Structure formats: C-alpha cells, structure tokens
Amino acid sequence: MPYRIDELAEKLGASFEGDGSLIVSGAAEPQTAGEGDLALAMSPAYAAHLAEGRAQAAVVWPGADWQALGLKAAVFAPRGRLAMAGLTALMDPGPAMAPGIHPSAIVDPTADIAADVAIGPFSIIGAGVTVAAGVRIGAHVSVGPSSVIGVDGLIHDGVRIGRRVRIGARVIVQPNAVIGADGLSFVTAEPSFVELSRQTLGVGEVTIPSDPRWHRIHSLGGVEIGDDVEIGAATTIDSGTIRATKIGNGTKLDNLIHIAHNVVIGEHCLFAAQVGVAGSSVIGNRVVCAGKVGISDNITIGNDCVLGGASVILSSVPAGRVMLGYPATKMDVQLESYKALRRLPRILAKLAPRKGE
Amino acid sequence: MPYRIDELAEKLGASFEGDGSLIVSGAAEPQTAGEGDLALAMSPAYAAHLAEGRAQAAVVWPGADWQALGLKAAVFAPRGRLAMAGLTALMDPGPAMAPGIHPSAIVDPTADIAADVAIGPFSIIGAGVTVAAGVRIGAHVSVGPSSVIGVDGLIHDGVRIGRRVRIGARVIVQPNAVIGADGLSFVTAEPSFVELSRQTLGVGEVTIPSDPRWHRIHSLGGVEIGDDVEIGAATTIDSGTIRATKIGNGTKLDNLIHIAHNVVIGEHCLFAAQVGVAGSSVIGNRVVCAGKVGISDNITIGNDCVLGGASVILSSVPAGRVMLGYPATKMDVQLESYKALRRLPRILAKLAPRKGE
Amino acid sequence: MPYRIDELAEKLGASFEGDGSLIVSGAAEPQTAGEGDLALAMSPAYAAHLAEGRAQAAVVWPGADWQALGLKAAVFAPRGRLAMAGLTALMDPGPAMAPGIHPSAIVDPTADIAADVAIGPFSIIGAGVTVAAGVRIGAHVSVGPSSVIGVDGLIHDGVRIGRRVRIGARVIVQPNAVIGADGLSFVTAEPSFVELSRQTLGVGEVTIPSDPRWHRIHSLGGVEIGDDVEIGAATTIDSGTIRATKIGNGTKLDNLIHIAHNVVIGEHCLFAAQVGVAGSSVIGNRVVCAGKVGISDNITIGNDCVLGGASVILSSVPAGRVMLGYPATKMDVQLESYKALRRLPRILAKLAPRKGE
C-alpha cells in the first residue's frame, strides 16, 4: 500500500524531514529494504545496515543525521515500537475476507445478522446468535446458540465459539481458538485421594476409593469477553459453571493459552503463549504474564503484577509484584536464591563433606 | 429447563424442606440469582450472599436453617460439588446437534453408521468407519479410515480423528482436539549427539554428525480410548508406532494436553490442562495431574499418584506418591527444600561470606 | 501391505537369513505378533517375548541365534530404530486422500495449482497461492493469499496457513496446526511497568500508567519453512513482523509447540511437544529440545545444543551445550545443585538450627 512520506508522517502523528513527496509501499529492515521500502532504523545499531539495502527513506530516532545516512527523507519516531504499531497498521492490507455471507455458510434463521457482515465459506451460525455490524468471520468457523459477536469483530478461520459466549467490540480471534468449551470439572462420590492430599500435603497413606468414577459438572455459564480483546491461535477459554468465565477490556492473549472455567481476568492484561490459568482464579488489571506461566486454581493475582517466564504461581500475589520461579517468589528473592544455590555444592563440600570429598 | 423442587430433589437423590411445588428453571450464585433460580449456597460463606439476590430456593448444607436464610424451599446437599454434578446435568439443554446426517456431510459408502446418529455439517466419515448408536458428531469433524466411535459418543466441532482410532462408549471429545496424528518419532542414521548426551549427562565434547538428517518412523498403531473418557479442546493424542496409544476407561483429560505415541494411561485418571506425557510412558489408574505437569518418556507412574502443578517427572514414580517440583520429589521433601533454599542466601552470607558481605 | 522377507531386507538395505520367500504383511511387538507379522525383536529383552506370539519372522540384532528363537526367517538390524524407520515407511498405506480437487473445495482462480495435486473436501485455496506438484491437502484446510506449498507437501485436515507463508518441499503438517497467524506484538504509548521492571528486576515502586492500552503491531512478514520439515498437530508458528519467521530444512516440530514472530530456527532441529520459543530468538542447527522447553525472547541458542525436559532458557546459550533446569544451566551443574539442595534441609538443621530443631 503506497504512501507519500508527508502523508505517512501525518497519519503517524510524527514529524519528517526531506522529500515529503517520496512514495513508499512497504516496510523492511534496513539491510533488505528495496528502493520503494521504508526502512525501520529506529536506533543507530539498525541504521548501520542502511548502506546494505536500497532504502531512500527510513523511520529514525529523534536527532538522527538522516542525510549522513544517505537518505532522501526521514520520519522521526521518539518511541520506535509505537511507530511500528502505526506503520504496520497502515501497511496491512487486512485479512482476505470477501464481504457478504458466502453461499456455503449455514446461518440459522433465528440469528440476528447485521447487514454489512462477512461470513466465510463453510461457517455455521447457530440459533439466536447476534452478529453485530462490521463483523468479519472467516471460513470453517462455528458459533453456538445464543452467542454474541460485537461490532467490528474479526474471527479467523477454524475458530470454535460455543453457546452463550458474549464477545465485545473489536475483538480479534486467531485461527483454531476455542471459546466456550466445557470446563474440566469433575467430582467423585466420596472425597478423593487428591482432595485429601491437598490437606495432608501428601504425607500419610494413600486411600484407594471404592468408586473411582468422576462425575461431570456441566458448564452452563458461558464466556464473557470485553472490548478490544485479542485471543491467540489454538487458545482455549472454557465456559464457566453457572456464571461466565470473563476476559476484561483490552486484554491480549497469545497462542496455546488455557483459561479454565470461572476464571476472571481484568483489563489491559498481556499474556504470552502457553500460559495456563486454573479454575476460578481472579487476575487483576494490567497483569503481564510471560510465556508458559502457570497460575493455580482459586487464587488472586493483584493489579499490575508482572509474572516472569514460566513462573508457577501457587498462591495469591498482591498488586504490583514482579514474580519469578517455581514456586514463584518476588523476582529479587528468586535471583538471590539461584545465586546461593549455584554456590552451594562447593560450600557444602567444605562445610559438610561426604566421603571422598 | 424448569423443575419443581420436589422433583429436582428426587432426581438428585437429595432431601428437601419447604415448598416442594416451587418451580426453578436455572441455577445461579446466591448474589446474582433471580426469582426463578435455584441458588447454590452449599456453605455458610455462600449463603451470606443470599440476601443480595432474589432466590426463593437454594441448595444448602445439611442442617442449614433455611428459613432464617429467607428461603421458601431448600435442597440439602451433604457433598456440594456432587450435587452440582447432578444439578448441572439436569439444567443442561445439551449440545445443539440436529438429528440425522446433514446433507453437506460426506460419509464413505463403506462406513457403518447406526440409524440414530447425528452427523453435522461439513463433517467427513472415512472408509470402513463404524459410528455406533446414539453418537452425535458436530460440524467440521473428520474421522479417518477404519476408526470406531462407540455408543453415545459426543464429538464436538473441528475434532480430527485419524485412522485406526478406536473410541469406547460415551466418550466426549471437545472442539479441535486431534486424536491419532503421527507421533514425533525420528532417528538419525548414526547415533546422534542427543543419544550420546543421555549417557554422558552432557559432559564431554559435542559430536557434529556427518549426516544430521532425521529419518521418520511412521505411526501405524492408532489409538485406543476406553469408555466414559473425556478429551479436552485442542488436546492431541498421537498414534502409537506399531501398537496403539491407550487411554483407559473413565479418564478425563483437559485442554491442550499432549499424549505422545505408545503412551498407556490407566483408568479414572484426571489430567488438568497443558499436561504433557512423552513417548511410551505408562501411567497407572486414578492418577491425578495438576496443570502443566510434564512426564518424561519411557517411565512408569504408579496407581493413585498425585502430581502437583507444573511438576516435571524425570523418573518413574511408585504407586500412591504425591509429587511436586522440578525435578519432582515427594511433596513434603520438596516443600522442605524450598524452605531451606529461601533461608540459604542469609545463611551463606554468614557462613561463607563473599567480598563485601 | 505384504512383502517377501528377501524383498523387505533388500528395501531396508539389511541382510537376512532363513526362508526369504516367507511373506509378512504387518509389523508387531513379539508378544502380540500374528503368524503373518514381522516381529520387532531388536534386543534380547524383546526377543524373550517371541514365544508368547506367533511370528515366524522377526527383525533381530546382529548375531542373534534366530533359529533358537523359533523363527523361520530373520532380518538383521544393526541399528534398531533406523530399521523401524524403513520398515514402518514400507508398511504405511499412506493417508487416505483421493487424487484431484474435491468438488466442494474452493480454489481461487488466480491460484497456481499443479496438475497432480490432491485437495480435500471443504478446503480453501486463496488468491495467488502456489500449490506445487505432488502436494496433498486434506479436508477443512485454508491457505491464505500469496502462500506457497512446495513439491510433495502433505497438509493434514484442519490446518490453517495464513498469508505469505512459503513452505518448502516434502513438508508434512499435522492436523489443526496454524502457520502464519498474527504475532503477540503490542506496545503502550508510554513505557509500561513491564518494560521498566525488566531493567529494575522488579525492585522499586509499581507505576500505574495513565493510558494502559496496548497498541497492535501488525504482522506483515509471513513465515518461511524449509524443505523436509514436519510440523505437529495444533502447533502454532506466527508470522514475522516485517521479515519472515523461519524454520530451517529438515527440522521436526512436535505437537502444541509455539514459535513466536521473527524467530529463526536452524536446520535439522528436533523439538518435542509443548516447546515454546518467544519472539525474535535465534536457534542454531541440530538443536534438540525435549518436551515443554521454554526459550526466552531475543536470545540465541548455538548449534548442537540439547535442552533437557522443561528447561527454561532465560539467556543465550553457546554451541554444543547440554542444558537443564529453571533457570537452565549446564546439565552437570544443575544435577550437582539438585543433589546439594536435597541435602540442604538436614545440613541447615545442624549448622543453623531454628528454634525447635
């Protein structure tokens, strides 16, 4: 998508210098940029590679000597990644979804479909579903009874939306995500060994049940997803039991994440891939989870917590904590423990030598 | 689905007091319950919220003074979650699957399909498949050659069932699960560095192979799934190599779980989300895995083990153990180690101070 | 698929003894082998079970006394699993995909489709897509605009391939994998608490942003996958931002793996299930990751590294390292630390007793 430099700078709310009439039609790294590309050179380290490519224009840092870098025009970005957000949005042609309802799609006659929606091939819209204005639904999607997709939603191919799932405005769901499947909620007739071992912490005799069958607790509560949420590929968000599982406004979930039944996640959180949140836990606002974080069931994570990569959170965390480890502690405590543990073998060999040491 | 209180109590095998003719048509938490809802107030903590809602009837604990709680009728549940199982089953309208074979479904003429099955839009049933009586298959499902789905099975949308997958009676498979894909089974022509490093524990020189190519071992063994099993959304169970990967009767698997080729899982196990079991391991009966547990390849987990959240099991575990940690140990040993590790930095600062301490 | 023993040995490049005209039509474990099966008895431990089955022929180790084992013919395998690779390939009837383009498939008129490809029911091929000779695409697959599938590719059911995904020759993609979805790439207008806490390691006051919204960086770079790659079921490989995410020739990825945007993975790597690689990290050639390994963002893993089960890699690793743990260290260092930690509670009780010890 071609833009003049002056037009692009205006759309980004950025300043530029040089030839504002120069036209760029893509973004690229400095070393691979073609003549028509806008190079991304937001720091001197990146700019060093401009000579290897053929860009005539670049996004640079405030104060950069763009002429010395051999450019004909430069756009100034005080915060590089924010400029990337604006720039990539401008350059994105958007998903290839034809307007209208594809003839192969199956839409229940009781569904309420806005006039301008796109529904792709082989998709299925159930009874009583509401699809609001501006929604685009890809191919091979299924939407269960009584669910709602808010305005300007973008539902990619292969997404499964169960029954009673209410999705807010401008939500993006990546391919093959599953929203509103049944939760893992089972109970034995008599207290099970796992229930008892939570109390005994595993000390004592195993009890073998006379009836080991798991009785199923059905999931009737559905899912409620706020506005401006994004849900990653193959991520699963289970239905609540009798109330909804909830994801707050502005929260972004990456791929292969599991959100169990009854979980409540606040607003503007960011969860990286493969995070798992067990049943009925409550997560505050603006919580950031790095990849693979695990959060135990029935606990609370306060606002503004940062949970480091692969942290395992076994108990509630107050607001504003930066956590790391398994089991997770405050990050500085964890790093101290790591260092001490690394020194330990040598120190033990001195203080408490075993035979042969 | 409306029920009279006396009728509901009878179906649950529970006793009730008060107005048995009162009609409830849903279940809800005490604070959000409407006039027609049955409130779930199985403990005094929950019952405290009854006044915030409008419920006239509730499920309460044995001995609760229901009249003092402002109720017109009460159902007594000695084991709350078990009552939930019965109650939610009664209240569940079930999945929206129309009876019969949808005209868009593609059923191989050699498949053996019982008279009363439901097969949803765009689903594909392969050659030689058996679909038993009472089975309901959703939309966008594919079932590979020679596979079998036992009586009263419920296969949700987007599920992939490969070839030679035998599924028992009353099995539920959640959306986008994949059963019977090929296992990750590869071998280099000469012993690889990873094979050698298992023996040397990583000490010694790296060997760079002259031929680094991975040769594929094909997966011919299929999968065998017992009766009353449930398989979560986007969970993957790989085909065995020359014998079947097996899941025993009554076992329940949550979402995003990986069960590798040749694994054998016993009966009445319960695995939470994101558990992974590596190739050829054998898991006993009634084993409970919390979320994110990892089990190494070619090991054995005895009956009745409980594996705590995110435990990493690197070697075999005898029956009845409660395990935690990475690497997992008995839970009490692990908790002792954690406590000691937390004290360690201060103690080392005294016993073995470094410069500046 | 029936083979004569002499013919089979020749195809495997192996020697045989005994009745070369004997016909086998399947492979099985010794104890369950039928009369027409070739038993797999590559070690004395397996051979001990031959008497329990009915096999007349087996694959055995070099030097095995096959006649004493009661066999009529034996194929000799100096490297058992390599023989398995050849053998299972011979015995595999291959996926059930009818030749040609199924009438229900939707192929964009601008797509370039080789004459001999197979495209299954309800699959969708987008604008400008290239599908090379010999490619087989299953059912319910979608391929986005401008993507390329190289010769002899095998794309299983339910796979989602986004836009600008270039796949090399002979690539196998297992069911429900997602290639080329958007990366999790977001930025706040002002520096966020998580950015700051990376610098402070979590020490200091939490800052609550006046504008907590996450701005989306779009994913325009697509994915590049080399030749002879295999991608597991429900694995997700995200699109790069402005350059492609890359997977090198010969690399094999298991199920439920996450490869984030901009990641570059080298050649002939092997990743077990549930591995996660965060954004922009670079992995060398011949790297082996056991299950559940997590690799942080923006780091480098050298050639020939072996990362043990569930290792969490928080910083770059030089070539040839065998790593384990959280945070991962060299495996021998980690094992030493584990041992010291197990001794620690008893030693602390002596050296630094608390009240009551």
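Residues numbered from 1 in each chain as written. Chains lettered and ligands numbered in written order. Predicted model: local features only at pLDDT ≥ 70, side-chain atom pairs only at ≥ 80, totals over all residues. Heavy atoms only, no water.

Chemist: Give me the lowdown on the overall build of chain A, citing residues and values where you can.
Modeler: In terms of regular secondary structure, chain A is built from 5 helices and 40 strands. A compact globule built from 357 residues should have a C-alpha radius of gyration of about 21 Å, whereas chain A, at 26 Å, is more than 25% larger. For chain A, the spread of C-alpha atoms along the three principal axes comes to 80 × 75 × 35 Å. Taken across its 357 residues, chain A has 61% of its residues classed as buried. Counted over contacts in chain A with a minimum sequence separation of 6, partners at least 24 positions apart contribute 21%. Accessible surface computed for chain A: about 13200 Å², of which carbon and sulfur atoms make up 54%. Charge separation in chain A, taken as the distance between the mean sites of 29 positive and 33 negative side-chain charges, equals 10 Å. (Helix = DSSP H or I, 4+ residues; strand = E, 2+ residues; numbered from the N terminus. Rg over C-alpha atoms; globule rule 2.2 N^0.38 Å. Buried < 20%, exposed > 50% of the residue type's maximum accessible area, 1.4 Å probe, protein only. Contact = heavy atoms within 4.5 Å. Areas by Shrake-Rupley, 256 points an atom, 1.4 Å probe, with all protein chains shown as cover. Lys, Arg positive; Asp, Glu negative; His and termini not counted. Charge placed at Lys NZ, Arg CZ, Asp CG, Glu CD.)

Chemist: An account of the interface of chain A and chain C is needed here, citing residue identities and associated values.
Modeler: Contact residues are listed per partner, giving 71 residues for chain A and 73 residues for chain C. Carbon and sulfur atoms supply 66% of the area buried between chain A and chain C, which totals about 5600 Å² over both sides. Our enumeration of links across chain A and chain C arrives at 4 salt bridges. Two residues, C:Glu195 and A:Arg79, come together in a salt bridge whose shortest N-O distance is 2.6 Å. Put simply, the parts of the chain that give the side of chain A that touches chain C at least two residues each are strand E4 (26-28), helix H3 (80-91), strand E28 (252-253), strand E31 (270-271), strand E39 (322-325) and helix H5 (331-351) of chain A. (Buried area = accessible area lost by both parts, 1.4 Å probe. Salt bridge = Lys/Arg side-chain N within 4 Å of Asp/Glu carboxyl O.)

Chemist: Describe the packing of aromatic side chains, and please don't skip the residues or the numbers.
Modeler: The final tally for this structure, using the stated rule, is 3 aromatic pairs over all chains. The interplanar angle of 70° and the centroid separation of 5.1 Å between the aromatic rings of A:Phe122 and B:Phe122 together place this pair among those described as edge-to-face. Residue A:Phe122 is found in the loop between strand E11 (118-119) and strand E12 (124-125), and its partner B:Phe122 is found in the loop between strand E11 (118-119) and strand E12 (124-125); the two belong to separate chains. Comparing A:Phe122 with B:Phe122, the two get one shared label, buried. A residue is classified by how much of its surface remains accessible, and B:Phe122, at 4% relative accessible area, is buried. In this structure an aromatic cluster arises from ring pairing among A:Phe122, B:Phe122 and C:Phe122. (Phe/Tyr/Trp six-rings, centres within 6.5 Å; stacked < 30°, edge-to-face > 60°.)

Chemist: If you had to explain the relation of the copies chain B and chain A to someone new, which residues and values would you point to?
Modeler: Each copy superposes on the other: chain B lies on chain A with an RMSD of 0.1 Å after a rotation of 120° and an axial shift of 0.0 Å. One copy is carried onto the other by what is essentially a three-fold rotation axis. Taken together, the interface assignments show that only 18% of the residues at the interface of chain B recur at the interface of chain A, consistent with different surfaces on the two copies. (Least-squares fit on C-alpha atoms with pLDDT ≥ 70 in both.)

Chemist: Help me get a handle on the sheet that holds E31(A), residues and values and all.
Modeler: Residue and element names in this part refer to chain A. Taken in spatial order, the 12 strands of this open sheet run E8-E11-E14-E17-E20-E25-E28-E31-E34-E37-E39-E40, and their pairing is mixed. Single-partner strands in this sheet number two, and they are strand E8 (100-101) and strand E40 (328-330). Two strands pair when backbone bridges link them, and E28 and E31 are joined in this way by 2 bridges, in the parallel orientation. Counted as the bridge partner of Leu253 is Phe271 from E31. (Pairing = 2+ DSSP bridges.)

Chemist: Before we move on, could you go through helix H4 (residues 193-200) of chain A and cite the residues and values that matter?
Modeler: At 3.6 residues per turn, the α-helix brings residues three or four places apart onto the same side. Residues and elements named next belong to chain A. If you check which residues of H4 are buried, you get Phe193, Val194 and Ser197. Axial view of H4: buried residues confined to an arc of 90°, hence all on one face. Residues Arg198 and Gln199 are exposed on H4 and point more than 90 degrees away from its buried face. One or two residues past the end of H4 sits Leu201, with phi positive at roughly 55°. (Arc of directions from axis to C-beta.)

Chemist: Break down the packing of helix H5 (residues 331-351) of chain B against helix H5 (residues 331-351) of chain C for me, citing the residues and quoting the values.
Modeler: It is the contact of H5(B) with H5(C), at a shortest axis distance of 8 Å, that shows an interaxial angle of 60°. As summarised for this structure, H5(B) and H5(C) are arranged oblique, according to the angle between their axes. Of the two possible hands of crossing, H5(B) and H5(C) adopt the one that is left-handed. Listed contacts from H5(C) to B:Val333, B:Gln334, B:Glu336, B:Ser337, B:Ala340, B:Leu341, B:Arg343, B:Leu344, B:Ile347 and B:Leu351 of H5(B) are C:Leu341, C:Arg342, C:Leu344, C:Pro345, C:Leu348 and C:Leu351. Its residues placed into classes, the contact of H5(B) with H5(C) shows 11 nonpolar, 2 polar and 3 charged. (Axes fitted to C-alpha atoms, helices over the stretch in contact; angles between N-to-C directions. Parallel < 35°, antiparallel > 145°, perpendicular 65-115°, else oblique. Left-handed = near helix turned anticlockwise from the far one by under 90°. Nonpolar A, V, L, I, M, F, W, Y, C, P; charged D, E, K, R; others polar.)

Chemist: Can you tell me about the interface of chain B and chain A, naming the residues and giving the values?
Modeler: Listed per partner, the contact involves 71 residues of chain B and 73 residues of chain A. Where chain B touches chain A, the interface holds 4 salt bridges. Put simply, B:Glu29 and A:Arg243 hold a salt bridge, and the shortest N to O gap is 2.9 Å. The interface formed by chain B and chain A includes 31 residue pairs in polar contact (both at pLDDT 80 or more). Listing elements by their share of the side of chain B that touches chain A, those giving two or more residues are strand E4 (26-28), helix H3 (80-91), strand E28 (252-253), strand E31 (270-271), strand E39 (322-325) and H5 of chain B. Looking at the side of chain B that touches chain A element by element, the count peaks at 10 residues for H5(B). The class makeup of the residues in the side of chain B that touches chain A is 39 nonpolar, 16 polar and 16 charged. (Polar contact = N/O pair within 3.5 Å; in protein donor to acceptor, adjacent residues only side chain to side chain.)

Chemist: Explain the side chain of B:Arg216 to me, using residue names and the numbers behind them.
Modeler: Looking at where B:Arg216 falls in the secondary structure, it is placed in strand E23 (residues 215-216). In this structure B:Arg216 comes out as buried when scored by relative accessible area, which is 16%. Engagement of the side chain of B:Arg216 in a polar contact is seen with the side chain of B:Asp182, the distance being 2.8 Å. Here C:Glu230 takes part through its side chain, which lies 2.7 Å from a polar atom of the side chain of B:Arg216. When neighbours within four sequence positions are excluded, B:Arg216 is seen to be in contact with B:Asp182, B:Ser185, B:Phe186, C:Ala85, C:Thr88, C:Ile172, C:Gln174 and C:Glu230.

Chemist: Mind laying out the environment of B:Gly150, listing which residues take part and the relevant values?
Modeler: All names here are of chain B. Tracing the chain through its elements places Gly150 in the loop between strand E16 (148-149) and strand E17 (154-155). Sequence-wise, Gly150 and Val171 are 21 residues apart; in three dimensions their C-alpha atoms are separated by 7.6 Å. Residues in contact with Gly150, not counting those within four places in the same chain, are Ala132, Val135, Ile167, Gly168 and Ala169.

Chemist: Kindly report on the environment of B:Val178, identifying the contributing residues and their values.
Modeler: The topology assignment puts B:Val178 in strand E21 (residues 178-181). By relative accessible area, which is 1% here, B:Val178 ends up buried. Residues B:Val178 and B:Ala234, 56 residues apart in the sequence, show an inter-C-alpha distance of 6.6 Å. Excluding residues that lie within four positions of it along the chain, B:Val178 makes contacts with B:Arg160, B:Thr235, B:Thr236, B:Ile237, C:Pro175, C:Asn176 and C:Ala233.

Chemist: Any chance you could break down the relation of the copies chain A and chain C for me, citing the residues and the numbers?
Modeler: Here chain A sits on chain C after a turn of 120° about the axis and a move of 0.0 Å along it, with an RMSD of 0.1 Å. Residue by residue, only 18% of the interface of chain A is reproduced at the interface of chain C, so the copies engage with different surfaces.

Chemist: An account of the sheet that holds strand E32 (residues 276-277) of chain A is needed here, citing residue identities and associated values.
Modeler: In sheet architecture, strand pairing relies on hydrogen bonds along the backbone and comes in two forms, parallel and antiparallel. Residues and elements named next belong to chain A. Reading across from one edge, E9-E12-E15-E18-E21-E26-E29-E32-E35-E38 is the order of the 10 strands in this open sheet, with parallel pairing throughout. Edge strands, defined here as strands with exactly one partner in the open sheet, are strand E9 (106-107) and strand E38 (312-313). As judged from the 2 bridges shared by strand E18 (residues 160-161) and strand E21 (residues 178-181), these two strands associate in the parallel manner. Directly across from Ile161, in E21, lies its bridge partner Ile179.

Chemist: Which residues make up the pattern of salt bridges, and what values do they have?
Modeler: Enumeration according to the criterion identifies 33 salt bridges over all chains in this entry. Three or more residues are tied together by salt bridges with common partners; here these are A:Asp182, A:Arg216 and B:Glu230.

Chemist: How would you summarise the side chain of C:Lys252 if you had to cite specific residues and measurements?
Modeler: In this fold, C:Lys252 is placed in strand E28 (residues 252-253). Comment: no salt bridge for buried C:Lys252; closest opposite-charge side chain is C:Glu230, at 5.3 Å. Setting aside anything within four residues of it in sequence, one finds C:Lys252 in contact with B:Leu184, B:Phe186, B:Trp214, C:Asp228, C:Glu230, C:Cys269, C:Leu270 and C:Phe271.

Chemist: Quick rundown of the pairing of E21(A)? Include the residues and the values.
Modeler: It is a general feature of regular strands that their side chains alternate between the two faces of the sheet. As paired strands, E21(A) and strand E26 (residues 236-238) of chain A are joined by 3 bridges and run parallel to one another. Counted as the bridge partner of A:Val178 is A:Thr236 from E26(A).

Chemist: Go over the domain arrangement of chain A with me, naming the residues and quoting the values.
Modeler: Under the domain assignment used here, chain A contains domain 1 (3-91) and domain 2 (101-331). Centre-to-centre, using C-alpha coordinates, domain 1 of chain A lies 39 Å away from domain 2 of chain A. (Domains from an automatic or database assignment.)

Chemist: Please give an account of the confidence of the model for chain A that cites residues and values.
Modeler: Mean pLDDT for chain A: 95, with 99% of residues reaching 70 or above. The ipTM assigned to the predicted complex is 0.96, against a pTM of 0.97. (pLDDT = per-residue confidence, 0-100.)

Chemist: Summarise H5(C); cite the residues concerned and give the values.
Modeler: With 21 residues, H5(C) extends 28 Å between its outermost C-alpha atoms, agreeing within 8% with the 30 Å of an ideal straight helix rising 1.5 Å per residue. The sharpest bend along H5(C) measures roughly 45° and falls at C:Leu344, with the proline C:Pro345 sitting one to four residues further on. Buried within H5(C) we find C:Met331, C:Gln334, C:Ser337, C:Tyr338, C:Ala340, C:Leu341, C:Arg343, C:Leu344, C:Pro345, C:Ile347 and C:Leu348. In the core, the buried residues of H5(C) are packed alongside H5 of chain A, H5 of chain B together with strand E39 (322-325) and strand E40 (328-330) of chain C. (Expected span 1.5 Å × (residues − 1). Bend = angle between axes of the 7 residues up to and from the residue.)

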